[in-house]
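Remarks on the overall topology
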Amino acid sequence: MSLHAQVITAVPTPFTPDERLDRDGLEALLWAIRDRGADAVFAAGTTGEFTALDDDERLDVIAAALEVFGPEGTYAHVGAAASLQAERLARRAVEAGAARLAAITPFFLPAPEEAVLRYYERLVAAAGDAAVFAYLFQARTTTPMPPETLGRLAEVGVRGAKISGEDDAAVAAYLAAAPRDFVIISGNDVSFGELVRSGGAGIVSGVSSVFPEPFTALRDALRSGDAEAARAAQAGVERAVSAVKAGSIAHLKAGLEVRGLPAGPARVSCAPVTAEDLRVLRETAEALG
């Protein structure tokens, strides 16, 4: 059985050595991601260090993604802790040409369900004709949105959800609870195959920015129904995820540099990359590339 499957690459944001936004590097990275087979990109999200970007920088990242991937190939992340900021980002992203907006739930303080629904209702209104996707990541935001809330999100106009930080059983519960035509994508790289076999649309993968090969191979195997090729690609996915420490920003950026792509330092505080980590990244690049 053939399955629909998409590789949506979560784009790291390149910076110069003094931590300014590297606009030329960003454009080069986006073209490299496109040339290596990604179906779409998730711009200015968690992997893109959105919490360390100001609003103008976030819009610059989104505009660059739109230039390379177009409106249908760009998920423009406009989520914020407050509705007002998210609305402003949404309007500006739509003015720049975005047709698909993603927005993380309010974060830091755990928002109650009714407040989250009003947040998305305001975003849908600000988005106009653009589709809005909720980004649910309780482990990072502290804001819970259990599977049974998907119907209420759909009622306020949300078209789908990205689920991150959940195991396969939890993602399966979201898939089971999703209303008809409500799109589910996941941030769990290792479970790409399981997700689409269960009805999900695709994976939002930071790891695929560094090692796209196993992800595009798995996508193609899922689309064609080639179970043997899917098993082989899955092993490569697992190796890639291990090499970048499941998507650590510092390790993703080190991996990009190993592969000759723009990255620069991380702005966010994160664990350093060791000499052993670099060895593993180089060996993985040789094996998968």
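Just so you know, these numbers come straight off a predicted model, no measurement behind them.

Attention now moves to helix 13 (residues 275-288). If you check helix 13, its first and last C-alpha atoms are 20 Å apart, about what 14 residues at 1.5 Å a residue would give, namely 20 Å. Looking only at helix 13, the buried set comprises Asp277, Leu281, Thr284, Ala285 and Leu288. Projection of helix 13 onto a plane perpendicular to its axis shows the buried side chains occupying an angular sector of 100 degrees, all on one side. Of the exposed residues in helix 13, the ones pointing more than 90 degrees away from its buried face are Ala275 and Glu286.

Turning our attention to the pairing of strand 3 (residues 74-77). On strand 3, burial covers both faces: Thr74 and Ala76 on one face and Tyr75 and His77 on the other are all buried. Bridge count between strand 2 (residues 40-43) and strand 3: three bridges; the pairing is parallel. Its bridge partner being in strand 3, alanine 43 is matched across the sheet by alanine 76.

With that settled, consider the environment of asparagine 188. Tracing the backbone shows asparagine 188 in the loop between strand 7 (183-186) and helix 8 (192-197). Of the residues examined, asparagine 188 reaches a relative accessible area of 23% and is grouped as partly exposed. Residues asparagine 188 and aspartate 167, 21 residues apart in the sequence, show an inter-C-alpha distance of 8.0 Å. Setting aside its immediate chain neighbours within four residues, asparagine 188 contacts Glu166, Asp168 and Ile203.

Here we come to empty space enclosed by the protein. Take a probe with the size of a water molecule and roll it over the atoms, and the empty space left behind shows itself. Tallied over the full model, the rule gives two cavities of 30 Å³ or more. The space that makes up the largest cavity amounts to roughly 50 Å³. Classifying every residue of the lining of the largest cavity by side-chain character gives five nonpolar, three polar and one charged. Of the voids in this model, the second largest cavity is the one considered here, and its volume is about 40 Å³. Lining the second largest cavity, in full, are Val7, Thr9, Ile33, Arg36, Gly37, Ala38, Ser208, Pro212, Phe215 and Thr216. Among the secondary structure elements, those contributing two or more residues to the lining of the second largest cavity are strand 1 (6-10) and helix 10 (212-224). Across the lining of the second largest cavity, the residue classes break down as five nonpolar, four polar and one charged.

A word on the packing of helix 12 (residues 249-258) against helix 13. As a packed pair, helix 12 and helix 13 sit with axes 10 Å apart at the nearest point and diverge in direction by 50 degrees. Relative to helix 13, the element helix 12 is oriented oblique. Regarding helix 12 and helix 13, the two cross each other, and that crossing is right-handed. Together, His251, Ala254, Gly255 and Val258 of helix 12 and Asp277, Leu278, Leu281, Arg282 and Ala285 of helix 13 make up the contact between the two elements.

Our focus in this paragraph is the packing of aromatic side chains. One pass over the structure, following the stated rule, counts six aromatic pairs. Here phenylalanine 42 and tyrosine 135 contribute two aromatic rings whose centre-to-centre distance is 5.7 Å and whose plane-to-plane angle is 80 degrees, an arrangement assigned as edge-to-face. Highlighted residues: phenylalanine 42 in strand 2 and tyrosine 135 in strand 5 (residues 131-136), separated in sequence by 93 residues. Judged by relative accessible area, phenylalanine 42 falls into the buried class, the value being 2%. The class of tyrosine 135 is buried, set by a relative accessible area of 1%. Counting every residue linked through ring pairs, the aromatic cluster contains Phe42, Tyr75, Phe133, Tyr135 and Phe137.

Our focus in this paragraph is the pattern of salt bridges. With the rule as written, the count across this model stands at 18 salt bridges. In this structure, the salt-bridge partner of aspartate 56 is arginine 92, at a minimum N-O distance of 2.9 Å. In this pair, aspartate 56 is assigned in helix 2 (residues 55-69) and arginine 92 in helix 3 (residues 83-95), connecting sequence segments 36 residues apart. For aspartate 56, a relative accessible area of 47% translates into the label partly exposed. Of the charged contacts, one joins glutamate 213 and arginine 259 as a salt bridge, the two residues approaching to 3.0 Å between their closest N and O atoms. In this pair, glutamate 213 is assigned in helix 10 and arginine 259 in the loop between helix 12 and helix 13, connecting sequence segments 46 residues apart. With relative accessibility at 23%, the residue arginine 259 sits in the partly exposed group. Connected through salt bridges with shared partners, the residues Glu113, Glu114, Arg118, Glu121 and Arg152 form a single ionic network.

Quick notes on the rules
- Residues numbered from 1 in each chain as written.
- Predicted model: local features only at pLDDT ≥ 70, side-chain atom pairs only at ≥ 80, totals over all residues.
- Heavy atoms only, no water.
- Helix = DSSP H or I, 4+ residues; strand = E, 2+ residues; numbered from the N terminus.
- Expected span 1.5 Å × (residues − 1).
- Buried < 20%, exposed > 50% of the residue type's maximum accessible area, 1.4 Å probe, protein only.
- Arc of directions from axis to C-beta.
- Pairing = 2+ DSSP bridges.
- Contact = heavy atoms within 4.5 Å.
- 1 Å grid on protein atoms, 1.4 Å probe; cavity = no way out; pocket = protein on both sides within 12 Å on 5 of 7 lines; lining within 4 Å.
- Points joined across faces, edges and corners; volume = space filled by probe spheres on them.
- Nonpolar A, V, L, I, M, F, W, Y, C, P; charged D, E, K, R; others polar.
- Axes fitted to C-alpha atoms, helices over the stretch in contact; angles between N-to-C directions.
- Parallel < 35°, antiparallel > 145°, perpendicular 65-115°, else oblique.
- Left-handed = near helix turned anticlockwise from the far one by under 90°.
- Phe/Tyr/Trp six-rings, centres within 6.5 Å; stacked < 30°, edge-to-face > 60°.
- Salt bridge = Lys/Arg side-chain N within 4 Å of Asp/Glu carboxyl O.

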